[in-house]
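Chain by chain, the residues run as shown.
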Amino acid sequence: MPEVEIPNPEELEELKNRAFTRRVALTTAVYAVMLAVAALGGNNAMKEMLLAQQLASDQWAFYQAKVIREHAYRIQQKRLAVDLAERGSSMAPEGQQQYQALLSEFAAEARRYNAEKKDIEKDARKQEHERDINRSKDPYFDFAEVLLQIAIVLSSVSILASSRLMYGVSFILAVGGTLLMLNGYTLAVVLPFFSVGH
C-alpha cells in the first residue's frame, strides 16, 4: 500500500494566500484601468463644458453686436422719417425719393439684423445646452474616481492584512465607481444629489 502524503498545513495556507494575493492584484489592476477611464471621461467632460461655454459666450457677443446694429438702423430710419415729415413738402421730388430709398434700405437692414440675431441666439442656446450636459456629467466622473481610488487602496491593504472582508469592501466600492463612471458617459440615471448647484 502506497504511502499517502499529508500536506503541511502551513504550505496549504501559503498556497491559499498566494492565490488570494494574485486575485486581488489582478482586480486591483482592473480598478486602475477603470480609474484611468473615469479620469479621461471627467477631463473630457470638463474640456467640452469649457469649450461650449466659450462658444456660447462668443455667440452672445455676436448677438449683442447684431442688436446694436439693428438699433442703429432703426434710429437712422426714425430720424429720416422725422426729417421727411418736417421738410417733405419743401423738398424737391428727387430729394424725397432719396429719403424714401434710404428709409426702405434702413428698414431692410434692420429686418436683416433681426433675422440674423435669431439664428445666432439658437446657436448660443445650443452651446449652452451642451455646456449643461457636460456639467451634469462631471460629478459622476469625480465621485467615480474617488470610489475607485479608495477601492485600490483597500484592495492593496487587503493583501497586506490578508483580509477578505476588506477585499470585498474594495470590490463593492469599485463596482459603485464603475457604475458612476458609466453613468457619467451615458447619463442614463440622474441622481438628484449630484446635480445640486448646477
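Residues numbered from 1 in each chain as written. Predicted model: local features only at pLDDT ≥ 70, side-chain atom pairs only at ≥ 80, totals over all residues. Heavy atoms only, no water.

**A few points about the overall build of the chain**
Consideration 1: When you go through the chain residue by residue, the secondary structure sums to three helices and zero strands.
Consideration 2: The order of helices and strands in the chain, counted from the N terminus, is α-α-α.
Consideration 3: In the chain, which comprises 198 residues, the share counted as buried stands at 30%.
Consideration 4: For the chain, the exposed surface amounts to about 13,100 Å²; the carbon and sulfur share of it is 62%. (Helix = DSSP H or I, 4+ residues; strand = E, 2+ residues; numbered from the N terminus. Buried < 20%, exposed > 50% of the residue type's maximum accessible area, 1.4 Å probe, protein only. Areas by Shrake-Rupley, 256 points an atom, 1.4 Å probe, with all protein chains shown as cover.)

**Section: the packing of helix α2 (residues 93–161) against helix α3 (residues 164–186)**
Consideration 1: Packing of α2 against α3 leaves a shortest axis separation of 7 Å and a crossing angle of 160°. As the angle between them shows, α2 and α3 are arranged roughly antiparallel. Here α2 runs over α3; the crossing is left-handed.
Consideration 2: Per-class residue counts for the contact of α2 with α3 are 18 nonpolar, eight polar and one charged. (Axes fitted to C-alpha atoms, helices over the stretch in contact; angles between N-to-C directions. Parallel < 35°, antiparallel > 145°, perpendicular 65-115°, else oblique. Left-handed = near helix turned anticlockwise from the far one by under 90°. Nonpolar A, V, L, I, M, F, W, Y, C, P; charged D, E, K, R; others polar.)

**Considering the environment of Ile-152**
Consideration 1: Structurally, Ile-152 is set in helix α2.
Consideration 2: Taking the C-alpha atoms as reference points, Ile-152 and Ala-32, separated by 120 residues in sequence, lie 7.1 Å from one another.
Consideration 3: In this structure Ile-152 touches Thr-28, Tyr-31, Ala-32 and Leu-35, once residues within four positions along its chain are discounted. (Contact = heavy atoms within 4.5 Å.)

**Some remarks on the pattern of salt bridges**
Consideration 1: Taken as a whole and judged by the stated rule, the model has nine salt bridges.
Consideration 2: Of the charged contacts, one joins Arg-131 and Asp-132 as a salt bridge, the two residues approaching to 3.0 Å between their closest N and O atoms.
Consideration 3: Residue Asp-132 is classed as partly exposed on the basis of its relative accessible area of 31%.
Consideration 4: Between Arg-135 and Asp-132 there is a salt bridge, and its shortest N-O distance comes to 3.9 Å. Of this pair, Arg-135 and Asp-132 both sit in helix α2, three residues apart, which is roughly one turn of the helix.
Consideration 5: Owing to a relative accessible area of 26%, Arg-135 belongs among the partly exposed residues under this scheme. (Salt bridge = Lys/Arg side-chain N within 4 Å of Asp/Glu carboxyl O.)

**Describing the environment of Ala-174**
Consideration 1: Position of Ala-174 among the secondary structure elements: in helix α3.
Consideration 2: Residues Ala-174 and Gln-149, 25 residues apart in the sequence, show an inter-C-alpha distance of 8.4 Å.
Consideration 3: Among all residues touching Ala-174, those that are not within four sequence positions of it are Tyr-31, Leu-148 and Ala-151.

**Quick word on a nonpolar patch on the surface**
Consideration 1: Where nonpolar side chains cluster on the molecular surface, the patch consists of Val-33, Val-37, Leu-40 and Tyr-185 and spans about 330 Å² of accessible area.
Consideration 2: With three residues, helix α1 (residues 9–87) is the largest single contributor of residues to the nonpolar patch.
Consideration 3: In this structure, Val-37 sits in helix α1. (Patch = residues over 30% accessible without salt bridge, like charges linked within 9 Å, V, L, I, M, F, W, Y side chains within 5 Å.)

**Structural notes on unusual backbone geometry**
The phi angle of most residues is negative, glycine excepted, and most peptide bonds adopt the trans form.
Consideration 1: One non-glycine residue with positive phi stands out, namely Ser-162, at about 50°.
Consideration 2: Judged by its relative accessible area of 39%, Ser-162 is partly exposed.
Consideration 3: A positive phi angle, near 50°, is found at Leu-187, a position not held by glycine.
Consideration 4: With respect to the helices, strands and loops of the structure, Leu-187 is situated in the segment after α3.

**Re the packing of aromatic side chains**
Consideration 1: Evaluation of the coordinates by the stated rule reveals five aromatic pairs.
Consideration 2: Look at Trp-60 and Tyr-63: their rings are 5.3 Å apart centre to centre, the planes differ by 80°, and that puts the pair in the edge-to-face class. Placement of both Trp-60 and Tyr-63 in helix α1 is noted, with a separation of three residues, approximately one turn of the helix.
Consideration 3: According to the relative accessible area criterion, Trp-60 is partly exposed, its value standing at 23%.
Consideration 4: Between the aromatic rings of Phe-141 and Tyr-185, the centroid separation amounts to 4.9 Å while the plane-to-plane angle is 80°, which identifies the pairing as edge-to-face. Placement of the pair is Phe-141 in helix α2 and Tyr-185 in helix α3, with a sequence separation of 44 residues.
Consideration 5: A relative accessible area of 1% means that Phe-141 is categorised as buried.
Consideration 6: Judged by relative accessible area, which is 38%, Tyr-185 ranks as partly exposed. (Phe/Tyr/Trp six-rings, centres within 6.5 Å; stacked < 30°, edge-to-face > 60°.)

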